[in-house]
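Chain by chain, the residues run as shown.
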Amino acid sequence: MFIVDRSEIVMILNNIGMLLELKGENFFKSKAYYDAARRIEVMEENLEELVRDDKLKDIKGFGKALTQKITELVKTGRLDYYNRLKASFPEGLFELLKIQGLGPKRISTLYNKLGICNIEQLKQACNEGKLLELAGFGRKTQAAVIKSIDDLDKYSNRYLYYQASEISDLIIKLLDENEYVIRCSIAGSLRRKKEIIKDIDIIASSEKPDDVMGFFTSLPMVTNIINRGETKTSVIMDEKIQVDLRVVGDKEYPYALHHFTGSKEHNTAMRHMAKDKGLKMNEYGIFDLDSGESADCRNEEEIFGLFDMEYIPPELRENNGEIKDALERALPVLVCDKDIKGVVHVHTRYSDGKNSIKEMARACMGLGYKYLGISDHSENAFYAGGLKRDQIKRQHEEIDQLNESSSDFMILKGIELDILPDGNVDYDEEVLSWFDFTIASVHSSFNMDMGKMTDRIIKALKNEFVTILGHPSGRLLMSRDPYRVDMDEIIAAASEERVILEINANPYRLDLDWRYCKKAKELGCKFAICSDAHSIDEIYNIPFGVNTARKGWLTKEDIINTGSYKSLKKEFI
DNA sequence: GCCGTTTTCGGCCCGACTGTTTTCAGTCG
């Protein structure tokens, strides 16, 4: 039997669903493929065994056609039907689905009436006003399409933190192993843990800079060399992201690292302070303005020490009060990965997660966590398999059983409630009282005006059963703007109502934004660093949330899931 | 494409919103 990756089968089934939609087939035909993909994704049984034993057809949702197609896929690794279907459309048509406001129907119209096969052709057609000729397309639709294409362009040279850090970790590892490199580190916005990165900055010290540059430019991931100099070399890696390497002498290394870590605003403020003390500060060193004599700092700690300051962690270097506090030795001790004691906001197979409660719990235990807060979707989120009353009861029975079998790991009963457009949540008080905690989130009607959206969320915060406000801005980094909401008012209300603010650790969300954390903390808000995991893999997202919390000046005392199970339960009362 | 059945086609996917319409189609979560 051909061994084929399960995720590959899931992808193919989903693609068939989409292609059938583009073809204009009955939606329920597509849905059968989507449903099958979803079932295979969460299936506990071994798919190969099911196919071998001819048991697939006994599972609900797998009729004659799907069983035959999946069997062919599992046995041969390919599916003739899919290949033929795919070949009947131009390849670029798929990417049109990325454009907001364009679904299968409109794409099909654009293709059939105007022959548009890709984004480039679509852009041209918009510029020529051709969309206006089509029935059902008007000026606003055309303008929205143009904006969405521009947005795609705008984000095309930006990377999420996790994407950039995967590449930079590898580069640092390779440079560390190089015999000519004395010290090296990432710098720039990546070191400051910004959520979106334009390029990767790396600083290294060496006595043989040319050899280091030679090594760097010959790395297998380098697909293009933009320029190569003695101290600075820029390359493109993996055909996309720009990486700048600066090589300096080891004496200059701490100053270069500080300088190229930035931010620009932090550096400016530092230089002002240096000047007041009769010093000049740049990437090469710190010099006495009168004598020209250079300081002798061996690392960044000593640079800050020279100014009689506490060490400022890179995350705080945004000129957001860190210099004043460092001078007063009043910087917070920032929360770190090992402070996190348990995982909150986790989805399971009960709604749209890929793993069972047991599997999620085992993964958390393996990572040393002490508790897990399950929060599947609530009833209103039918698109994500939201839980009905009887499903909640079954889930709670399962959690009780699991808790009975373990003494040093506990599972909490939670739910992710939908905040409905009117600000209510989607269960009655009786059901709400069953949970240890609830996370209330906006999942629909994103386009309200600011006043209405703010009122809507505040109404939810006033609900006595709401424990945590989930992903407060609703943003998806580089693809969806936050909804229009007065975040200051939300934070004030959360503080007033003692509702915990989520820091969603999904690298596409990182929401609440770090820019609001410090302010919220000052108002007395508490935070939960939540995984929003829909699979075991996503539990590993927690450190991205920790980054956001650190950047927002938070300590472990500000975060509810840094304490014991007992103390967490108290926070939920 | 699947399911169920008072066995062979009708129902399956809800609700809000937007933009295009003049009563609704398409998209999105």
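See the structure above.
None of these values were measured; they are calculated from a predicted model.

**Student:** Whenever I open this one, the pattern of salt bridges confuses me. Can you help?
**Tutor:** Proximity of charged atoms lets side chains of opposite charge pair with each other. All told, the structure shown has 32 salt bridges when counted by the stated rule. The shortest N-O distance in the salt bridge between Asp-53 and Arg-52 comes to 3.4 Å. Residue Glu-430 pairs with Arg-389 through a salt bridge whose shortest N-O separation is 2.9 Å. Taken together, the residues span a long stretch of sequence, with Glu-430 in helix α18 (residues 429–432) and Arg-389 in helix α17 (residues 389–404) at a distance of 41 residues. The exposure class assigned to Arg-389 is partly exposed, which follows from its relative accessible area of 33%. Look at the salt bridges and you will find they share partners, linking Glu-195, Arg-475, Asp-513 and Arg-515 into a network.

**Student:** How should the packing of helix α1 (residues 6–23) against helix α5 (residues 80–87) be read in this particular structure?
**Tutor:** The relative placement of two packed helices comes down to the angle between their axes together with the axis-to-axis distance. α5 packs onto α1 with a crossing angle of 40° between their chain directions and a minimal axis gap of 10 Å. Our classification of the angle between α1 and α5 gives oblique. Between α1 and α5 lies a crossing whose hand is left-handed. Along its contact with α1, which presents Ile-12, Asn-15, Ile-16, Leu-19, Leu-20 and Lys-23, the element α5 presents Tyr-81, Tyr-82, Leu-85 and Lys-86.

**Student:** Is there a simple way to explain unusual backbone geometry in this structure?
**Tutor:** Excluding glycine, residues mostly carry a negative phi; peptide bonds, for their part, are mostly trans. Cis peptide bonds are those with omega within 30 degrees of zero, and the linkage from Gly-262 to Ser-263 qualifies with 0°. By secondary structure assignment, the location of Ser-263 is in the loop between α12 (253–261) and α13 (264–276). Omega for the bond connecting Asp-511 with Leu-512 falls within 30 degrees of zero, at 20°, which places this linkage in the cis form. Residue Arg-329 is not a glycine yet carries a positive backbone phi of 55°. Within the fold, Arg-329 resides in the loop between α15 (322–327) and β10 (342–346).

**Student:** Sorry, what's going on with the environment of Glu-45 here?
**Tutor:** As for its placement among the helices and strands, Glu-45 is situated in the loop between α2 (27–42) and α3 (47–52). Once you skip the residues sitting within four places of it in the chain, Glu-45 turns out to touch Arg-6 and Leu-50.

**Student:** Sorry if this is basic, but what is going on with the packing of aromatic side chains here?
**Tutor:** To describe a pair of aromatic rings, one takes the distance between the centres and the angle between the planes. Evaluated as defined, the whole model comprises 10 aromatic pairs. Consider the rings of Tyr-161 and Phe-544, whose centres lie 6.1 Å apart with planes at 75°: the pair is edge-to-face. Remark: Phe-544 occurs in helix α22 (residues 542–551) and Tyr-161 occurs in helix α9 (residues 161–177); sequence separation between them is 383 residues. The same class applies to Tyr-161 as to Phe-544, namely buried.

**Student:** Teacher, can you tell me more about the sheet that holds strand β5 (residues 222–228) here?
**Tutor:** Hydrogen bonding along the main chain pairs the strands of a sheet, whether they run parallel or antiparallel. Spatial strand order, β2-β4-β7-β6-β5: five strands in an open sheet with mixed pairing. In this open sheet, the two strands that pair with only one neighbour each are β2 (181–187) and β5. The average angle at which neighbouring strand axes cross in this sheet is 20°, direction not considered. Alignment of strand β4 (residues 200–206) against strand β7 (residues 241–248), held across six bridges, turns out to be parallel. The residue of β7 that forms the bridge with Ile-200 is Val-243. Packing against the sheet, α12 makes contact with β2, β4 and β7, and its axis sits at approximately 15° to β2.

Thresholds applied
Residues numbered from 1 in each chain as written. Chains lettered and ligands numbered in written order. Predicted model: local features only at pLDDT ≥ 70, side-chain atom pairs only at ≥ 80, totals over all residues. Heavy atoms only, no water. Salt bridge = Lys/Arg side-chain N within 4 Å of Asp/Glu carboxyl O. Helix = DSSP H or I, 4+ residues; strand = E, 2+ residues; numbered from the N terminus. Buried < 20%, exposed > 50% of the residue type's maximum accessible area, 1.4 Å probe, protein only. Axes fitted to C-alpha atoms, helices over the stretch in contact; angles between N-to-C directions. Parallel < 35°, antiparallel > 145°, perpendicular 65-115°, else oblique. Left-handed = near helix turned anticlockwise from the far one by under 90°. Contact = heavy atoms within 4.5 Å. Phe/Tyr/Trp six-rings, centres within 6.5 Å; stacked < 30°, edge-to-face > 60°. Pairing = 2+ DSSP bridges.

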